[in-house]
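# Structure assessment
If you want the building blocks of each chain, they are given just below.
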Amino acid sequence: MASNSTKSFLADAGYGEQELDANSALMELDKGLRSGKLGEQCEAVVRFPRLFQKYPFPILINSAFLKLADVFRVGMLGSLASIIPERKNAHHSIRQSLDSHDNVEVEAAVFAAANFSAQSKDFAVGICNKISEMIQGLATPVDLKLKLIPILQHMHHDAILASSARQLLQQLVTSYPSTKMVIVSLHTFTLLAASSLVDTPKQIQLLLQYLKNDPRKAVKRLAIQDLKLLANKTPHTWSKENIQALCECALQTPYDSLKLGMLSVLSTLSGTIAIKHYFSIVPGNVSSSPRSSDLVKLAQECCYHNNRGIAAHGVRVLTNITVSCQEKDLLALEQDAVFGLESLLVLCSQDDSPGAQATLKIALNCMVKLAKGRPHLSQSVVETLLTQLHSAQDAARILMCHCLAAIAMQLPVLGDGMLGDLMELYKVIGRSATDKQQELLVSLATVIFVASQKALSVEVKAVIKQQLESVSNGWTVYRIARQASRMGNHDMAKELYQSLLTQVASEHFYFWLNSLKEFSHAEQCLTGLQEENYSSALSCIAESLKFYHKGIASLTAASTPLNPLSFQCEFVKLRIDLLQAFSQLICTCNSLKTSPPPAIATTIAMTLGNDLQRCGRISNQMKQSMEEFRSLASRYGDLYQASFDADSATLRNVELQQQSCLLISHAIEALILDPESASFQEYGSTGTAHADSEYERRMMSVYNHVLEEVESLNRKYTPVSYMHTACLCNAIIALLKVPLSFQRYFFQKLQSTSIKLALSPSPRNPAEPIAVQNNQQLALKVEGVVQHGSKPGLFRKIQSVCLNVSSTLQSKSGQDYKIPIDNMTNEMEQRVEPHNDYFSTQFLLNFAILGTHNITVESSVKDANGIVWKTGPRTTIFVKSLEDPYSQQIRLQQQQAQQPLQQQQQRNAYTRF
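Residues numbered from 1 in each chain as written. Predicted model: local features only at pLDDT ≥ 70, side-chain atom pairs only at ≥ 80, totals over all residues. Heavy atoms only, no water.

## Points about the confidence of the model for the chain
On average, the chain scores 85 in pLDDT, and the residues at 70 or more come to 88%. The lowest-confidence element of the chain is helix H1 (residues 2-13), averaging 40 in pLDDT; the highest-confidence one is helix H27 (residues 507-525), averaging 96. Segment residues 283-287 is flagged for pLDDT under 50; beyond a separation of four residues in sequence, or across chains, it makes 3 contacts in the model. Contacts for the low-pLDDT stretch residues 684-688, under 50 throughout, to residues beyond four places or in other chains number 5 contacts. (pLDDT = per-residue confidence, 0-100. Helix = DSSP H or I, 4+ residues; strand = E, 2+ residues; numbered from the N terminus. Contact = heavy atoms within 4.5 Å.)

## Notes on the packing of helix H18 (residues 331-349) against helix H20 (residues 378-389)
Packing of H18 against H20 leaves a shortest axis separation of 11 Å and a crossing angle of 15°. Between H18 and H20, the interaxial angle falls into the category roughly parallel. You can see that H18 and H20 cross each other, and the crossing is right-handed. Residues Val338, Glu342, Leu345, Val346 and Ser349 of H18 pack against Ser380, Thr384, Leu385 and Gln388 of H20. (Axes fitted to C-alpha atoms, helices over the stretch in contact; angles between N-to-C directions. Parallel < 35°, antiparallel > 145°, perpendicular 65-115°, else oblique. Left-handed = near helix turned anticlockwise from the far one by under 90°.)

## Thoughts on the side chain of Ser324
On the secondary structure map, Ser324 appears in helix H17 (residues 308-324). Within the structure, the side chain of Ser324 is placed 2.7 Å from the backbone oxygen of Asn320, a separation counted as a polar contact. With residues up to four places along the chain from it excluded, the contact list for Ser324 reads Ser270, Ile275 and Lys276. (Polar contact = N/O pair within 3.5 Å; in protein donor to acceptor, adjacent residues only side chain to side chain.)

## Some points on the sheet that holds strand E3 (residues 777-788)
The sheet built from 3 strands is open, its strands ordered E1-E3-E6 with antiparallel pairing. The open sheet has two edge strands, strand E1 (753-760) and strand E6 (838-846), and neither has a second partner. Ignoring which end each strand starts from, the neighbouring axes of this sheet average 25° apart. Direction of pairing for E3 relative to E6: antiparallel, over a ladder of 9 bridges. In the sheet register, Glu783 faces E6, and the bridge partner there is Ser840. (Pairing = 2+ DSSP bridges.)

## Focus: the environment of Phe747
Structurally, the position occupied by Phe747 is in helix H35 (residues 744-747). With a relative accessible area of 12%, Phe747 lands in the buried category. Sequence separation between Phe747 and Ser485 is 262 residues; the distance between their C-alpha atoms is 10.0 Å. Residues in contact with Phe747, not counting those within four places in the same chain, are Tyr478, Arg482, Ser485, Arg486, Tyr497, Trp512, Leu516 and Phe742. (Buried < 20%, exposed > 50% of the residue type's maximum accessible area, 1.4 Å probe, protein only.)

## Examining the packing of aromatic side chains
Considering all chains together, one arrives at 21 aromatic pairs under this definition. Between Phe644 and Trp869 the ring centres are 5.8 Å apart and the planes differ by 80°, which places this aromatic pair in the edge-to-face class. Of this pair, Phe644 sits in the loop between helix H31 (618-642) and helix H32 (648-673) while Trp869 sits in strand E8 (residues 868-869); the two residues are 225 residues apart in sequence, bridging distant segments of the chain. No difference in accessibility class separates Phe644 from Trp869, as the two residues are buried. Positioned above the aromatic ring of Tyr255, the side-chain terminus of Lys217 is 4.1 Å from the ring centre. (Phe/Tyr/Trp six-rings, centres within 6.5 Å; stacked < 30°, edge-to-face > 60°. Lys NZ or Arg CZ within 6 Å of the ring centre and 35° of its normal.)

## Side note on H20
With 12 residues, H20 extends 16 Å between its outermost C-alpha atoms, agreeing within 8% with the 16 Å of an ideal straight helix rising 1.5 Å per residue. Along H20, the residues classified as buried are Ser378, Val381, Val382, Thr384, Leu385, Leu386, Gln388 and Leu389. For H20, the secondary structure elements touched by its buried residues are H18, helix H19 (354-373), helix H21 (394-410) and helix H22 (415-428). (Expected span 1.5 Å × (residues − 1).)

## Looking at the environment of Met626
Among the secondary structure elements, Met626 is positioned in helix H31. Leaving out residues up to four positions away in the same chain, Met626 has contacts with Ser665, Ile668, Glu669 and Leu673.

## Topic: the pattern of salt bridges
Should the charged atoms of two oppositely charged side chains come close, the side chains can pair. Under the criterion given, the structure shown has 29 salt bridges. Note that Lys461 is salt-bridged to Glu495, the shortest N-O span being 3.4 Å. With a gap of 34 residues between them, Lys461 in helix H24 (residues 458-469) and Glu495 in helix H26 (residues 490-500) connect regions that are remote in the sequence. Residue Lys461 is classed as buried on the basis of its relative accessible area of 15%. Where Arg697 meets Glu694, a salt bridge forms, and the shortest distance between an N and an O atom there is 2.6 Å. You can see Arg697 and its partner Glu694 sitting in helix H33 (residues 694-713), 3 residues apart, about one turn around the helix. (Salt bridge = Lys/Arg side-chain N within 4 Å of Asp/Glu carboxyl O.)

Here you go:
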């Protein structure tokens, strides 16, 4: 049969075989459509166009389309479930197709039923009994039952529906003990419990029961897989007894594959609230010590297992227990965790295989977590990493460098101890130009930048530059320079950017690198700031502004229509304005010495009733400075809201710049403008927030110091004194002495999201207005598409799109009429949820006033956390409101009727005269 089918397809393609007539060719294609093999079905579908070309007869084409529609009808409905979930005729069609005698149609109906059940509560409620009857029916083949059972996982829309589906699955598990049926039923059981969140504890017990008692390995593997799913989704539902039962199974099983799976579940649970439940003290019972529990025994037993995966999960469990438990006497557990990590590191760092690298990542993550949770162990962890770094493979070295950087970011005190070993290693690597060597150069340089904390020493810079001179890969040099800019080592970054200027072929790349060089030079100028030396501070800021202005010119030249560099330009402009505001405030503070208050200042203050006027013009200047810093803070807030695609570190950096502006604004108000009503409570929690980077840590330290100084001066001395101005100037210098960090989003966009809007009606020419009568409303339809890059939803996803429509009158025409205020303006807002990245809505707009109106449609988005982001775009169209013909006719008639009366009145006036 297969050979005949192949012959018919070849004949139809015209490869020398005898051609068939129209009916025979259609019958052969129909056989292919109804074949059980997907390949033959696809081949039959693609042969239809040639059939239509060869026999363009209406009867044959109609018959062919009916056969194609019969194949795709219900299956296509399943694909459209997310678009038409509540379409009743689609529901009815699926129910009918489930009773069909055609196997293809039944399979398509099962597919559609599953998709519609997931989307529509009404369909799920209506189809549940039908599915139950078919599953329990004796006439239903077993293969069809296996396809129908997974539909029950979508019966979670309400508690009653979920309970009935659960009862049916319980019966199936008991009544049909075959392996396939048990596996499908149990997995559906688990998915239903995970979605309904009602019977999850019962499901965990059921899976543990099958894991313990069922002898079949396939069922055990399925139980472990589903337990892992529930451990990830609902760890809070796991009781102490559940974890204990899983530990006992893992201790008793002789199979490494099953033990690996169980340990994977336990390692997942050990990093959640479930581990606290396991070691919690129940009233009336004595809690078992973590050292003597079965979970710890299992982890200790597996730490040195010959299977790398088992050893990795064992070490992970020990690490999580050590970090989570607050007991003091955990020295033995801590040592077990450290020794297990060391052995795993030695084992995996010598192996380049993917499995060894995956295991090494687990071990290194545990090291970072252990160093953070138990700081007294961090020194031994770092020494182990540095020792092993010399003998490890290049792929392992890269991962170990990332681990060292993460530990140094959390515990900066360890940085100095790393630097010597890192420099020794940097001198001996990079002899070859392989990709791993290039990646290792970047990773090691990153660790060196983190460990150096402040400016790099001359020796360190010389070693890095000497090593990079022998590397022909300019991309590696750029990546190291980029890391230097992120870590605040601007002197090193400037030299590296300078060396790359002549190595690019594109004009835009040249301007981009030149702008980065200028920005680094500008920030380097600020490293010479010194406390109490305000004239030097002004010259340093002026020098920095000179290079910033050069850089912004190059950055503008580097932008293209496809890559406008909008975030970078706005960030740099704000930095320039902030430096200018700092410079202006220092000059204002200095004016207290150069231009003290006049002798009559006290009299003026008493006359005006404003005690601050006795300080002279500095009071007005301070008020202007405070408003300037508040305006800058607002602009930083706008930049934050416009950066939907930015990573969290970049957003935090923008937030820190905003807080700097608010801090200076608050200091001016608390020290000079309004000391009596200044409050420090809202700023008191600044230092308690956890800092994720050295830049953030140093900025928070400056914030706390400035607030303490301001609070100590507040209300103690009458403003304005030299102590007040000195406090403000020192605050500015302290903020600028922290090297600015250019975060990832400044260089690299990992997530890309954009919205395109289409308005209808729309004019043929954008400059032409749309004509509408003033007694009618315009139905404006707004359609949009959300476009994504290669990694959609990497940092945040769009929950809904907010569309704001407003209209303004540009020019009036005709006479002014008395029109209600409500009809004069249009200001509307709607929220729509994108469906498969598409959304659509309509607005009814009123244009009662004659003239040209400007309609602006602006979009913003709301993410899953409820945060609104001003992503744009902003679209504008013009509407010309015309007088309706009926009103125009009445107005003309009235004017014509008034003209004779006016003429008669004029004649009577002349006669009287």
